[in-house]
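Each chain, letter by letter, is given below.
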Amino acid sequence: MPQPIYLDYNASAPLRIEAVECMKRLMGPPRNPSSVHYFGRNSKLIMETARNQLADLAAGNPSGFIFTSGGTEANNTALLEFDKVITCITEHDATLAARPDAKKVGVKRDGEINLDELETQIQRDKSDGSEVIVSVMLVNNETGRIQPIEKLLEICQYHGVAFHSDMVQALGKIPVKLDDWSRSGLTMASFSAHKIGGPPGVGALWVASGSRVSKLLKGGGQEKGRRSGTENIYGIAGFGAAANAVSNWKNHAKNWAQWRNNFVSKLQQAYPEIQVTTRDALCVDNTISLLLPAVPAQIAVISMDMEGFAISSGAACSSGKVQESHVIKAMGFNALSSNVIRISFGWENNEDEISALADALIAMYKRYKK
Amino acid sequence: MSVNLKNTLGISKPVPQTRVVVAMSGGVDSSVVAAMLKQEGYDVIGITLQLYDHGFALKEKGTCCAGADIHDARQIAAFLDIPHYVLDYETLFKQQVMDDFADSYLAGHTPIPCVKCNQTVKFKDLLSMAKELGADCLATGHYVQRQVIGGHTYLRCGVDAQKDQSYFLFATTQEQLDYLRFPLGSMTKVETRKLALKYELSVTDKPDSQDICFVPNGRYGDVVRRLRPGAITPGIIRHLDGRILGEHQGVIDYTIGQRRGLRIGGRKDEAEDNSPLYVVEIDAEAHEVIVGPQSALACQKIYLDEVNWLFPNMINDQVQSRGGKDVFVKLRNTASTSPAKLFFDNGRKAHLVLEKPEYGIATGQAGVVYDGKDATIMLGGGWIISAPTSSV
């Protein structure tokens, strides 16, 4: 069987060759950046290079970045010690499960957070003097929906509450402007290496200067006392190299919107009932959340795998079970929530591959509908 | 050269072009099936069903939805380098199997959820999924044999009499049987474990499952109570002669023929020279459990409903057996077969007249029929809806 066509970048992107080369070069010598000697200094330099590369991509102060084991740890750290957390119903489990006590604001049919509801909730939670943080992702992992960050910042700044954003799916797909946003009240933001072509197992929490951050891991005081544990230097270096490589994302992403439109038109020409769940809402161009009214997502994902296309349903349990998506459900799709698949492409794809997937989906749809 | 040359699965295709879906539970049996077929060169796809929230069975919230068995199945599939998928049948399983299980106990019956599962989730939905994936057949790890004789597909007992699972497959239709394969039917469990060792499967020493999958510790009453909170009413335990002997916490804790754990203080039957007492009747409407001597359990006539037959020539059999067809029957999985006459009644009904009375026949169990000349050929059966005893 030929290598399957990979169209599940939002789950994990392929490792960029730049990250591979960078990590390969480093492997061998002892690498504890805290050591006093030559090896320590050398390792420290590698770490700080990576931090600067990430800072360049996300347009944020380098010293604001705390390297973590991934987006999950970053979200957990960000939300750890606030009295009250307000989040959105369509967040990733790394946020929802980090603070099960969080209030969850609903979304509109197109996936945008309900801003009026958010404002009411902030007023209610703040009224007793509690320290409140709002956490809303910049780009949804399942639908690609871009949340209105400027409006969110405005609301949070107006009410004087902290604002954290999971930006894991935004980096490398839309401009991220940490310093600018921090002037409008952004407190913290989470990132993950393997979504931009770095290795899995490394991420970062960016903290605006002047904002305090909780310690999830206590120990030797690495990362300026903010995250203990000997640094995953290979992972961090790979993250930096990937960030550097992805900085020209606008070049390879320039055709994505066109690919996305052509793909959707092709399917809708064959079966007009097939829809994009986010409709015409503002989304990242690499992500298509597709409703197939006649085919359950688990069948679509399995059939496509058998035919050599790696796609997903957006929500997979660690058991591999395809389950109903809480995101799609929250958008009001009810019984059809189990009929939504996610296609997410990236820099190694070309339009022929996406077009071939459209043909395979149409053939499957026809088979299943009869 | 014959164009009808068939491979080991009885399919007229070259082995590598024959696609087989293996229903993988994560246990030794189905893992060996997948390994054997992969070794033979078939195009094997593993499918595991997520049937219930594992946290429900363990009474723990927040555990992963999947139990260790699903992870075992994934690991075996990865080891064998075969595609493997986990299908979510939680909603369906709850509706078709677990709810029926609870309601059946509440009505005073003794259900067999494994048959319901085979009947609905496994051989309906999984089977159609296998077809959707372009598979030529669906293989399972059941210890039964499928034999084609004279153009008719028979279902026979497994060679390993201890492991034979034909009782649980009585509801299999002829159409399903044509598509199913049971590669372990001709093997003993010992041989299966040897093969697991040979294929270096990590599940080689995994113990056999003994219980209903969603009742891991055998305490089915707890599960019914969790499924139907508030629906269980305490009542009295009465002797056949009318005396009240004690109280119970719900008829669901009792099965016809049960002797131990009656919660009447080990009380013996005073009237009948101290012989032990058995549950002889469950009156779910009056919430009464009736006990009596073993003799009161004697039953010779059994009524079946929702019958399914695998006779090769059904119409002839029905016409020619007005006076009853000679068969063997099994009235619970652990029982041995006994001779009886089978009468076909109207609709999907039938009844059996046993040559000798049997004791402790529970409604909700299955009456499974085997060939009168060869008790290893399973010919179908039905659900026991009534088994009148001498006491009634």
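Within every chain, residues take consecutive numbers counted from 1 along the sequence as written. Labels are handed out in written order, letters beginning with A for the chains and numbers beginning with 1 for the ligands. Under the rules for a predicted model, residues below a pLDDT of 70 receive no local features and side-chain atom pairs below 80 are neither given nor counted, while totals for whole chains, interfaces and linings still include all residues.

S.K.: So what exactly am I meant to see when it comes to the overall build of chain A here?
M.R.: Of regular secondary structure, chain A possesses 13 helices and twelve strands. Projected onto the principal axes, the alpha-carbon positions of chain A cover approximately 70 × 55 × 35 Å. The buried share among the 370 residues of chain A stands at 52%. Expressed as a percentage of contacts within chain A between residues at least 6 apart in sequence, the contacts between residues at least 24 apart total 71%. Each helix is a run of H or I in the DSSP string that is no shorter than four residues. Each strand is a run of E no shorter than two, and both are numbered from the N terminus. With C-beta atoms placed from the backbone, a residue is labelled by how many other C-beta atoms lie within 10 Å of its own: buried for 20 or more, exposed for 12 or fewer, partly exposed between the two. What counts as a contact is two residues whose backbone-derived C-beta atoms lie within 7 Å of each other.

S.K.: What is the right way to look at the overall build of chain B in this model?
M.R.: What chain B contains, in helices and strands, is nine helices and 17 strands. A buried classification covers 44% of the 392 residues belonging to chain B.

S.K.: How should I be thinking about helix α2 (residues 38-58) of chain A in this particular structure?
M.R.: Counting along an α-helix, one turn takes 3.6 residues, and residues three or four places apart therefore face a common direction. Residues and elements named next belong to chain A. Take the residue count of a helix, subtract one, and multiply by 1.5 Å to get its expected span. With 21 residues, α2 ought to run about 30 Å at 1.5 Å a step, and its terminal C-alpha atoms sit 31 Å apart, in line with that. Turning to α2, its buried residues number three or more, namely Ser43, Ile46, Ala50, Arg51, Gln53, Leu54, Ala55, Leu57 and Ala58. Residues of α2 that are buried in the fold lie against α1 (17-26), β2 (65-68), α7 (178-183), β8 (203-207) and α8 (233-246). Note on α2: the residue one or two positions beyond its end, Ala59, has a positive phi of about 50 degrees.

S.K.: Could you clarify how one ought to interpret the sheet that holds strand β12 (residues 340-344) of chain A in this entry?
M.R.: Hydrogen bonding along the main chain pairs the strands of a sheet, whether they run parallel or antiparallel. All names here are of chain A. Ordered in space as β9-β10-β12, the three strands form an open sheet in which the pairing is antiparallel. A strand with exactly one partner marks an edge of an open sheet, and here the two such strands are β9 (275-276) and β12. The pairing of β9 with strand β10 (residues 287-291) spans two bridges and is classified as antiparallel. Bridge pairing in β10 links Gln275 to Leu291. Here, strands pair whenever DSSP counts at least two bridges between them.

S.K.: Help me understand the packing of helix α4 (residues 90-106) of chain B against helix α5 (residues 113-132) of chain B, please; the structure alone is not making it clear to me.
M.R.: In a pair of packed helices, the angle between the axes and the distance between the axes together describe the arrangement. Residues and elements named next belong to chain B. Their axes nearest at 9 Å, the elements α4 and α5 cross at an angle of 165 degrees. Here α4 lies roughly antiparallel to α5, going by the angle between them. Considering the relative orientation of α4 and α5, their crossing is right-handed. Mapping the contact onto sequence places Leu92, Phe93, Gln96, Val97, Asp100 and Phe101 in α4 and Pro113, Lys116, Cys117, Thr120, Val121 and Asp125 in α5. For the contact of α4 with α5, a count of residues per class yields seven nonpolar, two polar and three charged. Helix axes are fitted only over the stretch in contact, all axes being lines through C-alpha atoms; the angle between N-to-C directions runs from 0 to 180 degrees. What sets the label is the angle itself: under 35 degrees gives roughly parallel, over 145 gives roughly antiparallel, 65 to 115 gives roughly perpendicular, and the rest give oblique. Whether a crossing is left-handed or right-handed is set by the direction in which the near helix is turned from the far one by less than a right angle, anticlockwise for left-handed and clockwise for right-handed. Residues are grouped as follows: Ala, Val, Leu, Ile, Met, Phe, Trp, Tyr, Cys and Pro are nonpolar; Asp, Glu, Lys and Arg are charged; all remaining types, including Gly, are polar.

S.K.: Hey, could you run me through the sheet that holds strand β11 (residues 288-292) of chain B in this one?
M.R.: All names here are of chain B. As summarised here, the arrangement of the four strands in space is β9-β8-β11-β10, forming an open sheet in which the pairing is mixed. At either end of the open sheet lies a strand with only one pairing partner, and these are β9 (244-248) and β10 (278-283). Here the strands of the sheet are splayed against their neighbours by 25 degrees on average, with no regard to which way each runs. In the sheet, β10 pairs with β11 via five bridges, with the strands oriented antiparallel. Counted as the bridge partner of Ile282 is Val289 from β11.

S.K.: Help me understand helix α7 (residues 189-198) of chain B in this model?
M.R.: Residues and elements named next belong to chain B. Three or more residues of α7 are buried, namely Thr192, Arg193, Leu195 and Ala196. All buried residues of α7 project into a common sector of 160 degrees when viewed along the axis, lining one side. Exposed and oriented more than 90 degrees from the buried face of α7 are Val190 and Leu197. Where the residues of α7 are buried, they touch α1 (28-40). By arc we mean the arc of the directions from the helix axis to the C-beta atoms, nothing more.

S.K.: Can you help me understand the packing of α1(B) against α7(B) in this one?
M.R.: All names here are of chain B. Following both chains from N to C, one finds α1 and α7 inclined at 60 degrees, their axes separated by 9 Å at the closest point. Between α1 and α7, the interaxial angle falls into the category oblique. Considering only the axes of α1 and α7, their crossing is left-handed. On α7, the residues that touch Val28, Asp29, Ser31, Val32 and Met36 of α1 are Thr192, Arg193, Leu195 and Ala196. Looking at the contact of α1 with α7 residue by residue, the classes come out as five nonpolar, two polar and two charged.

S.K.: It is not clear to me how the domain arrangement of chain B should be interpreted in this structure. Could you clarify?
M.R.: A common way to report how large an interface is uses the accessible area buried once the components associate. Residue and element names in this part refer to chain B. Domain limits in this description derive from either an automatic procedure or a database domain assignment. You can read the domains of chain B as domain 1 (15-198), domain 2 (233-292) and domain 3 (297-386). Relative to domain 3, the C-alpha centre of domain 1 lies at a distance of 26 Å. Facing 19 residues of domain 1, the contacting portion of domain 3 comprises 16 residues. Per-element tally for the side of domain 1 that touches domain 3: the top contributor is strand β6 (residues 152-157), with five residues. Looking at the side of domain 1 that touches domain 3 residue by residue, the class counts come to eleven nonpolar, seven polar and one charged.

S.K.: I tried to follow the pairing of strand β6 (residues 162-166) of chain A on my own but got confused; where do I start?
M.R.: Where a strand is regular, its side chains alternate between the two sheet faces. All names here are of chain A. Of all five residues in β6, five are buried, a share of seventy percent or more. In β6, alternate side chains face the same way, and those of Ala162, His164 and Asp166 on one face and Phe163 and Ser165 on the other are all buried. Across three bridges, the pairing between β6 and strand β7 (residues 188-192) is parallel. Note on β7: the bridge partner recorded for Asp166 is Ser190. Following the chain from β6 across α7 to the adjacent parallel β7, one finds a crossover that is right-handed. Look down the strands so they point away from you; if going from the first strand over the helix to the second traces a clockwise path, that crossover is right-handed.

S.K.: Sorry if this is basic, but what is going on with the nonpolar core here?
M.R.: Soluble, globular proteins show a tendency: their nonpolar side chains are buried together. A set of buried residues drawn from Ala, Val, Leu, Ile, Met, Phe, Trp, Tyr and Cys, joined through C-beta atoms within 7 Å, is what defines a nonpolar core. Within the largest apolar cluster, 219 residues are counted, with the highest numbers of intra-cluster contacts made by Trp206(A), Val22(B), Ala34(B) and Leu138(B). Per element, the largest residue contribution to this core is nine residues, and it comes from α8(A). In this structure Ala34(B) touches Val22(B), Met24(B), Val44(B), Gly46(B), Ile76(B), Leu80(B) and Ile82(B), once residues within four positions along its chain are discounted.

S.K.: Hey, could you run me through the confidence of the model for chain B in this one?
M.R.: Interpretation of the predicted coordinates at a detailed level should be avoided for regions scoring low in pLDDT. Summing up the model confidence of chain B, the mean pLDDT is 89 and the portion of residues at 70 or higher is 92%. Scored by ipTM, the complex comes to 0.81, with pTM at 0.85. The quantity called pLDDT is the predictor's confidence in a given residue, expressed from 0 to 100.

S.K.: So what exactly am I meant to see when it comes to the domain arrangement of chain A here?
M.R.: All names here are of chain A. For chain A, the assigned domains read domain 1 (5-14 + 251-369) and domain 2 (17-246). Put simply, the middle of domain 1 and the middle of domain 2, counted by C-alpha atoms, are 27 Å apart. Listed by partner, the interface residues are 23 residues for domain 1 and 24 residues for domain 2. Contributing elements (two or more residues each) for the side of domain 1 that touches domain 2: β10 and α12 (326-333). Broken down by element, the side of domain 1 that touches domain 2 gets its largest block of residues, four residues, from α12. Partitioning the side of domain 1 that touches domain 2 into residue classes produces eleven nonpolar, ten polar and two charged.

S.K.: Explain the environment of Ala270(A) to me, please; I cannot follow it from the model alone.
M.R.: Residue and element names in this part refer to chain A. Within the fold, Ala270 resides in helix α10 (residues 256-270). Residue classification places Ala270 among the partly exposed positions, given that 15 C-beta atoms sit within 10 Å. Sequence separation between Ala270 and Ala363 is 93 residues, and the spatial gap between their C-alpha atoms is 9.7 Å.

S.K.: What exactly am I supposed to notice about the pairing of strand β3 (residues 84-88) of chain B here?
M.R.: Residues and elements named next belong to chain B. The buried count for β3 comes to five of five residues, which makes it a mostly enclosed element. Relative to β3, strand β2 (residues 43-50) runs parallel, the two sharing five bridges. What sits directly across from Thr48, in β3, is Val86.

S.K.: Any chance you could explain unusual backbone geometry here in plain terms?
M.R.: Excluding glycine, a negative phi dihedral is what most residues carry, and trans is how most peptide bonds are arranged. The phi angle at Asp81(B) is positive, at roughly 60 degrees, despite the residue not being glycine. Tracing the chain through its elements places Asp81(B) in the loop between α3 (68-80) and β3.

S.K.: When you look at the environment of Asn76(A) in this model, what are you seeing that I'm missing?
M.R.: Residues and elements named next belong to chain A. Along the chain, Asn76 turns up in helix α3 (residues 71-79). A count of 21 C-beta atoms within 10 Å places Asn76 in the buried class. Sequence spacing of Asn76 and Glu154 is 78 residues, and the spatial spacing of their C-alpha atoms is 24 Å. The residues touching Asn76, leaving out its near neighbours within four places in the chain, are Ala98 and Leu216.

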